[in-house]
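Given next are the chains, with one letter for each unit.
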Amino acid sequence: MHASPVMAPAIQPVSLPIRQLLPWAVFGGILMLLAIYFVGVEEGAAAIFNSMYVHEFVHDGRHLLGFPCH
Ligand SMILES: [Zn+2]
């Protein structure tokens, strides 16, 4: 009597539905670019909002990510 080897289940590759994922990837990329803009660039003469609310709201993140500030 010999010990039978444990049969591992066959590993099947998972197909990624690129056509379904691409719009979400683009959407996420746009959100990331917007976040980077508001954290990093929204300040001074090129600012969309003239007040300092956005700058103060993201100020700690700005320092955390190493954007020049003050
Ligand atoms: Zn600062």
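Residues numbered from 1 in each chain as written. Predicted model: local features only at pLDDT ≥ 70, side-chain atom pairs only at ≥ 80, totals over all residues.

Going by an unreviewed UniProt entry, the protein carries the name CbtB-domain containing protein and comes from Chromobacterium vaccinii.

*Asks:* For the overall build of the protein, give the residues involved together with the corresponding values.
*Replies:* Secondary structure assignment for the protein yields three helices and zero strands. Going from the N terminus to the C terminus, the protein shows its helices and strands as α-α-α. Here the protein has a C-alpha radius of gyration of 24 Å; the compact-globule value for 70 residues is 11 Å, and the former is much larger. Summarising its shape, the C-alpha atoms of the protein cover approximately 80 × 30 × 15 Å along the three principal directions. (Helix = DSSP H or I, 4+ residues; strand = E, 2+ residues; numbered from the N terminus. Rg over C-alpha atoms; globule rule 2.2 N^0.38 Å.)

*Asks:* Residues and numbers for the UniProt feature "transmembrane region" (unreviewed entry) in the protein, please.
*Replies:* In this numbering, the UniProt entry assigns the feature "transmembrane region" (unreviewed entry) to residues 21-40. Between the C-alpha atoms that bound residues 21-40 there is a distance of 28 Å. The span itself is 100% helix and 0% strand. (UniProt positions renumbered as here; feature names shortened; annotations may be inferred.)

*Asks:* Can you lay out the confidence of the model for the protein for me, pointing to particular residues and giving the numbers?
*Replies:* Looking at the protein, pLDDT values average 85 and 93% of them are 70 or higher. The spread of mean pLDDT over the elements of the protein runs between helix α2 (residues 53-57), the lowest at 84, and helix α1 (residues 18-40), the highest at 93. (pLDDT = per-residue confidence, 0-100.)

*Asks:* Report on the environment of Met52, specifying residues and quantitative values.
*Replies:* Take Met52: it is sitting in the loop between α1 and α2. Sequence-wise, Met52 and Val6 are 46 residues apart; in three dimensions their C-alpha atoms are separated by 65 Å.

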